[in-house]
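# Survey of secondary and tertiary structure
The chain contents come next:
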Amino acid sequence: MKGNQYDVIIVGAGIAGLKAASVLAKYDLKVAIIDENPFLGGQYLRTLPENFKNKLLKFKTSVKKEGLKLIDELKNSTNIKIFRNSTVVGVYEGDKLLFDREGKSELIYYKKLIISTGAREKYLPFPGWDLPGVFSLGAVQVFLKSNGILPAEEIVLAGTGPFLYAVAYEILKAGGKVKGIYELKRFKEQIAFSKGLLDFPGKLIEAFVYLEEILSNHVPIKYGWRVLKAEGDDSVRRISVGKIGKDGEVIEKSIKNIKTELLAIGFGFVPNLEVARSAGVNIIYDETLGGWIVNTDERLMSSNKNIYACGEITGVGGAEKSQIEGELSALALLDSLNLLDNSGKNKIQKLIKKRKKAIKYSKCFNTVFSVPLEFYKNIEDDTVICRCENISMKKIREAIEIGPSDMNFVKTFTRAGMGNCQGRICGPIIENIIKSFEGKSPHPPTMRKPIKPTLIGNLKKFYEEEIKSD
Amino acid sequence: MKRIKGIERKEQVEIIVNGKRISAYRGETLAAALWAAGFKRFGGKALKGRYNSPFCGMGVCFECLVTVNGVPNIRSCMTLVEDGMEVEFDEG
């Protein structure tokens, strides 16, 4: 086998990818795992750099403990090639994958591909959400957990979902102040979530650990409140929040201003489908699983028999689901190569059952913490939707009014989604805006490679080699 | 913004930001080190009427792009600091 050919390539070294790699490492296969970050572990397993002495967060979930162990094992494994700092540019016909590393592109070939590219946060835009000092919840976590840096002394958190509490806990542990948590959903709307937690006692423990810290620090938590705007000359200085009335409108009297230099927002998660879509596998829409997801069978094989998908891209469901699916996809792949004995085959059946529980939790989570569509419909005209190209709600609304309710039309008509992030931030927002007008979620826009910005010289070299090999 | 107390950091490095020397620690991302040093505006004003700044923190939004050692459009959130690294962007 040539140097750049692998039996299996795994894209994404978060929990799902790591777990898949750890299963495959026990077999006589040539495996590569590729990740964009400088460190293994994806978002959930972030830790401080090795040369820092970590005295920050003592509490670790069982999934996290196992994940960190997997990273150590993988680093010492000889039959798994690790590509860090490596951004996938596209998966191409002929079972090959192009990626960029330190400004240079490389081409590698696979027999089987496992895609575990995780999820990113999604947003509900408001005036000023594009000011410096408005962070995603994830960005605050990255600063704290990977850098040991508190992005501001005082932070306001807003959006929806349990991630708010995890980030609040981490800020408090780091010695910061949480000036308030503004959860969009009302408390009683969240009762159904407790049912979802029953199958995962670990999550319940996690919730108590976070809440104890938050409550004992007297952090104000408001349910059924939302951010209305962020203001400041060149960065955030103050925000306005308000209580949502029964009709969905904000109650005028409730509106209050809060001084803050950092507002962190997050409104749930959406799967990172770009690598999978560049590989041409089928996607389906399931609102209860986070929107558009990769369509797989119960063994996580996609519409292409050589491509498996696991983790958040088959349904947003958190670390436990990713852990289960990482293992399941790797075992199913091994089974397709006739490499599994009976105990391995039995394990697959067990994991399929476990996955069903995880999916149940996932559906509960995504349903309880979904943002009502009328909030998207009622975004003010001047609010920026596409941050890269500076496209306002007014333009998006115009496009929806005059043209087909289609992501491609909105994109070509407005330029929204044509910037550097390639629609990763505004895409899910525009999808919800269209859905709020038309009642149906549009298909994502046509996928074009490169799926992340690359140097034109790298592409030129790639296509020249392609032509040569034909 | 501050470096959290109680963490022992080793290997201090120096980066050069728009000609000024800034200290940071090995292992930190460039975006975090810049933010900790008080930089909030990462260009963009002339084009869009507002400043870019770190937003997603994990390589998705491309709003923390800077020039590193002469190479433009580098995501500072995905780049680790290195001693002597030269960083440029329009502070406005």
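Remember, it's a predicted structure, so these values are computed and weren't measured experimentally. (Residues numbered from 1 in each chain as written. Chains lettered and ligands numbered in written order. Predicted model: local features only at pLDDT ≥ 70, side-chain atom pairs only at ≥ 80, totals over all residues. Heavy atoms only, no water.)

## Re the sheet that holds strand E6 (residues 71-75) of chain B
Residues and elements named next belong to chain B. What counts here: Any two strands with at least two DSSP-identified bridges between them are counted as paired. Starting at the N terminus, helices and strands are each numbered in turn, a helix being any DSSP run of H or I of at least four residues and a strand any DSSP run of E of at least two. Each axis is a line fitted through C-alpha atoms, taken for helices only over the stretch in contact, and angles between the N-to-C directions span 0 to 180 degrees.
Spatial ordering of the open sheet is given by E4-E3-E7-E5-E6, a layout of 5 strands whose pairing is mixed. The outermost strands of the open sheet, each flanked by one partner alone, are strand E4 (20-25) and E6. Neighbour to neighbour, the strand axes of the sheet diverge by 40 degrees on average, direction disregarded. Sheet topology note: the strand E3 (residues 12-17)/E4 ladder contains 6 bridges and is antiparallel.

## Quick look at the domain arrangement of chain A
Residue and element names in this part refer to chain A. This is how it is decided: Domain extents, as shown, originate in an automatic or database domain assignment. Residues are treated as being in contact if the distance between any of their heavy atoms lies within 4.5 Å. Two parts placed together each lose some accessible area; with a 1.4 Å probe, that loss summed over both constitutes the buried area.
Examined at the domain level, chain A breaks down into domain 1 (5-120 + 270-366), domain 2 (123-267) and domain 3 (372-470). Here domain 1 and domain 2 have C-alpha centroids that lie 29 Å from each other. Each partner contributes to the interface: domain 1 provides 20 residues, whereas domain 2 provides 21 residues. Contact between domain 1 and domain 2 buries roughly 1900 Å² in total, counting both sides, with carbon and sulfur atoms accounting for 67%.

## Section: the interface of chain A and chain B
The criterion, for reference: Salt bridge, as used here, is a side-chain nitrogen of Lys or Arg placed within 4 Å of a carboxyl oxygen of Asp or Glu. Amino acid classes used here: Ala, Val, Leu, Ile, Met, Phe, Trp, Tyr, Cys and Pro are nonpolar; Asp, Glu, Lys and Arg are charged; the rest, including Gly, are polar.
Taken together, the contact pairs 53 residues of chain A with 41 residues of chain B. Viewed at the interface, chain B and chain A are joined by 7 salt bridges. Contributing elements (two or more residues each) for the side of chain A that touches chain B: strand E3 (52-53), strand E9 (134-136), helix H3 (137-147) and strand E10 (149-150) of chain A. Sorting elements by how many residues they give to the side of chain A that touches chain B places H3(A) first, with 7 residues. Across the side of chain A that touches chain B, the residue classes break down as 26 nonpolar, 15 polar and 12 charged. Two elements, E3(A) and strand E2 (residues 8-9) of chain B, share 2 bridges in a ladder whose sense is antiparallel. Paired with A:Phe52 across the two strands is B:Arg9, which belongs to E2(B).

## Re the sheet that holds strand E13 (residues 221-223) of chain A
Residues and elements named next belong to chain A. As summarised here, the arrangement of the 5 strands in space is E9-E17-E11-E12-E13, forming an open sheet in which the pairing is parallel. In this open sheet, the two strands that pair with only one neighbour each are E9 and E13. The average angle at which neighbouring strand axes cross in this sheet is 20 degrees, direction not considered. Strand direction decides the pairing type here: E9 and strand E17 (residues 263-266), joined by 3 bridges, are parallel. Bridge assignment links Phe 135 to a residue of E17, and that residue is Ala 264.

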